[in-house]
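If you want the building blocks of each chain, they are given just below.
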Amino acid sequence: MRKQTIRHKMHNPLWVVLLLLSLSFSGCGAQKEKTTESPETEEIFCQILLFLQEGFRQHDIHKTYVVYFSAPDEAYTNDDGNTVMHCDLLLEDTDNDGTNSLYWYENLDYTFDEESGWYTFTWQYGPVMTQDDSFAYDADSSHVEELLENCIYETTLSLDTVVEAPIRYYAPSGPFIFDSFFAAISPFSQSKTISEALYTYQDDRMGVSVIIHYPALRVSDSDLTKTLNARIRDAFFYGYNWNEEPNLLTPGKEILTSIERDYLITREDGQYFSVCISEYNEVRRAAGPNEWKTGLTLSLETGKVLTLRDIVGEKYTARQLLNSGAFHCMWGDLSGYLDEEWMAETDGEWMAEIAEHYQYWELEDFDTEFYLTDDSLGLIVTVFADEYICIEAKLSDLGLAEWIAY
């Protein structure tokens, strides 16, 4: 579909004069198609185009877009007394398959220093860099119609577009990735076979910050070491696109997202390694911050990820486990502001409510929601609608003494 024509209000003859004058501006080069703005406004548009093009390189965007600009306007005065300007724009995906174009709504704030002649981009909302179609709009969207109606400048942009202007802007940095060991021995462990690793993905431009602490194992068999650490990576680097395979974390496809993942080793001996993984995240499309917990238990002899069925065998269903009377709540972080006497008195009530809530779960549903300690089995459940806690039962009370570490 050919891009929509910009509709200018031409009832005033002055617009004709302005349009003719605009054709003489060198501006952003041959790619320019329409403008009714002054050279000063064209200058910031050129800087925005260069800034977008830099993003295309950083995020490997190999597409051509028609870019529509609205007139910049004053947004607010910052703490330094500088006027912060705001600009809205649309990027029309001309490479989109199908009959309808996709439009990406973008906006950014900037300041201008008259002495140096440089711009500073202070805020950018750039979903096009994620290439996530759920952020895009169809042509009949009110956002698209309004901006097209008020468009004052139109051009095309791709990685290969020559923007005839020098770079004169400061902007937040693009993606930075670090993934390496930073401690020889994990502070969570007394074992010399466990190292601590750190993964960080920082993209100030897109407002994305990912910090993942994860353990790395070392055993005498090098192939088994690789298998064990691959299992750990899979558990710590899961993503949110549950219907996609592989379901791996892809921070370059996120925007305005903060993720922190850490861990606590609950068991380590010559046979088994068990860990509880915790996450705190703030994601743009979520109603609020979220906290998650998952569990991972590995056989150090085979590299296998153990399931809850491997632990309890045929002795229990999930419902029988939860109604066994052996489990009690481990309130964890909540214990700081919950009365201990109240917790003790209401433990049975909470366990009854948890059992009711999970009554239709199968054992397999807990395969990433359990962990082992030296003498207990832990399950990860929710209370208070969205608060994750752990419940634990002594292995001996469950008749699973063969799993106790000696």
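Residues numbered from 1 in each chain as written. Predicted model: local features only at pLDDT ≥ 70, side-chain atom pairs only at ≥ 80, totals over all residues. Heavy atoms only, no water.

S.K.: Account for the overall build of the chain, naming residues and giving values.
M.R.: The number of helices and strands found in the chain is seven helices and 18 strands. Within the chain, the proportion of its 406 residues that are buried is 47%. When the accessible surface of the chain is summed, it comes to about 20900 Å², and 50% of that surface belongs to carbon and sulfur atoms. (Helix = DSSP H or I, 4+ residues; strand = E, 2+ residues; numbered from the N terminus. Buried < 20%, exposed > 50% of the residue type's maximum accessible area, 1.4 Å probe, protein only. Areas by Shrake-Rupley, 256 points an atom, 1.4 Å probe, with all protein chains shown as cover.)

S.K.: With reference to specific residues and values, describe the confidence of the model for the chain.
M.R.: Averaged over all residues, the pLDDT of the chain is 84; the fraction at 70 or higher stands at 82%. Confidence drops under a pLDDT of 50 for residues 1-27, and excluding neighbours within four residues, the segment shows 41 contacts in the predicted structure. (pLDDT = per-residue confidence, 0-100. Contact = heavy atoms within 4.5 Å.)

S.K.: How would you summarise helix H4 (residues 222-236) if you had to cite specific residues and measurements?
M.R.: Compared with the 21 Å implied by 1.5 Å per residue over 15 residues, the 21 Å span of H4 between its first and last C-alpha is a close match. Along H4, the positions that sit buried rather than exposed are Leu224, Thr225, Leu228, Asn229, Ile232, Ala235 and Phe236. Buried residues of H4 fall within an arc of 130° about the axis and therefore sit on the same side. When the buried face of H4 is taken as reference, the exposed residues oriented beyond 90 degrees from it are Asp223 and Lys226. (Expected span 1.5 Å × (residues − 1). Arc of directions from axis to C-beta.)

S.K.: Please set out the sheet that holds strand E17 (residues 376-383) residue by residue, giving values where relevant.
M.R.: Spatially, four strands are ordered E15-E18-E17-E16 in an open sheet, and the strand pairing comes out antiparallel. Looking along the sheet, the strands with just one partner apiece sit at the ends: strand E15 (328-330) and strand E16 (370-372). Put simply, the sheet's adjacent strands are angled 35° from each other on average, direction ignored. Inspection of the sheet shows E17 paired to strand E18 (residues 387-394) by eight bridges, in the antiparallel sense. Looking at E18, one finds that threonine 382 is bridged to tyrosine 388. (Pairing = 2+ DSSP bridges. Axes fitted to C-alpha atoms, helices over the stretch in contact; angles between N-to-C directions.)

S.K.: I'd like a rundown of the pattern of salt bridges, residues and numbers included.
M.R.: Across all of its chains, the model carries seven salt bridges by this definition. Of the charged contacts, one joins glutamate 314 and arginine 309 as a salt bridge, the two residues approaching to 3.7 Å between their closest N and O atoms. Assessed through its relative accessible area of 71%, glutamate 314 is described here as exposed. Since its relative accessible area comes to 28%, arginine 309 is described here as partly exposed. (Salt bridge = Lys/Arg side-chain N within 4 Å of Asp/Glu carboxyl O.)

S.K.: Give a detailed account of the side chain of histidine 86, specifying residues and quantitative values.
M.R.: Mapping histidine 86 onto the fold places it in strand E4 (residues 83-93). Within polar-contact distance, the side chain of histidine 86 engages the side chain of aspartate 88 at 2.8 Å. Once you skip the residues sitting within four places of it in the chain, histidine 86 turns out to touch Ala71, Pro72, Asp73, Ala75, Asn107, Leu108 and Asp109. (Polar contact = N/O pair within 3.5 Å; in protein donor to acceptor, adjacent residues only side chain to side chain.)

S.K.: Describe the layout of surface pockets, naming the residues involved and giving the relevant values.
M.R.: One number sums up the size of the second largest pocket: a volume of about 420 Å³. Residue lining of the second largest pocket: 19 residues in total, with Gly239, Tyr240, Asn241, Glu254 and Arg285 positioned closest to the centre. Contributing elements (two or more residues each) for the lining of the second largest pocket: strand E13 (272-283) and strand E14 (290-299). (1 Å grid on protein atoms, 1.4 Å probe; cavity = no way out; pocket = protein on both sides within 12 Å on 5 of 7 lines; lining within 4 Å. Points joined across faces, edges and corners; volume = space filled by probe spheres on them.)

S.K.: Please set out the pairing of E14 residue by residue, giving values where relevant.
M.R.: The pairing of E13 with E14 spans ten bridges and is antiparallel. Residue pairing for E14: asparagine 281 is matched across the bridge by asparagine 290. Turn length for the E13-E14 hairpin, with the two strands adjacent in sequence and antiparallel, is six residues.

S.K.: How would you sum up the pairing of E18? Please name residues and give values.
M.R.: Of the pairings in the sheet, the one linking E15 to E18 comprises three bridges and is antiparallel in character. Looking across to E18, one finds that histidine 328 is bridged to glutamate 392.

S.K.: Just give me the short version of the environment of glutamate 353, but keep the residues and values in it.
M.R.: By the element assignment, glutamate 353 lies in helix H7 (residues 340-357). A sequence separation of 30 residues divides glutamate 353 from valine 383, and the C-alpha atoms of the two residues are 8.8 Å apart.

S.K.: Pulling in residues and values, what's your account of empty space enclosed by the protein?
M.R.: Considering all chains together, one arrives at one cavity of 30 Å³ or more under this definition. Size it by volume and the largest cavity reaches roughly 30 Å³. In this structure, the largest cavity is lined by Gly239, Tyr240, Asn241, Leu248, Leu249, Thr250 and Glu254. Here the residues of the lining of the largest cavity sort into three nonpolar, three polar and one charged. (Nonpolar A, V, L, I, M, F, W, Y, C, P; charged D, E, K, R; others polar.)

S.K.: So what's going on with the environment of aspartate 132? Residues and values would help.
M.R.: Looking at the secondary structure, you find aspartate 132 in the loop between strand E6 (118-125) and helix H3 (142-149). Ignoring anything within four residues of it in the chain, the contact list for aspartate 132 reads Trp104 and Arg285. Of the polar contacts made by the side chain of aspartate 132, one reaches the side chain of serine 134; its length is 2.7 Å.

S.K.: Hey, could you go over H3 for me, with residue numbers and the actual values?
M.R.: Think of an α-helix as 3.6 residues a turn; residues three or four steps apart then line up on the same face. For H3, every residue scored as buried is listed here: Val144, Leu147 and Leu148. On an axial view of H3, the arc spanned by its buried residues comes to 100°, and they lie on one face. Facing away from the buried side of H3, by more than 90 degrees, are the exposed residues Ser142 and Glu146. Residues of H3 that are buried make contact with strand E2 (65-69), E4 and strand E5 (102-113). The distance from a side-chain oxygen at the start of H3 to the backbone nitrogen of histidine 143 is 3.2 Å, and the residue carrying that oxygen is serine 141.

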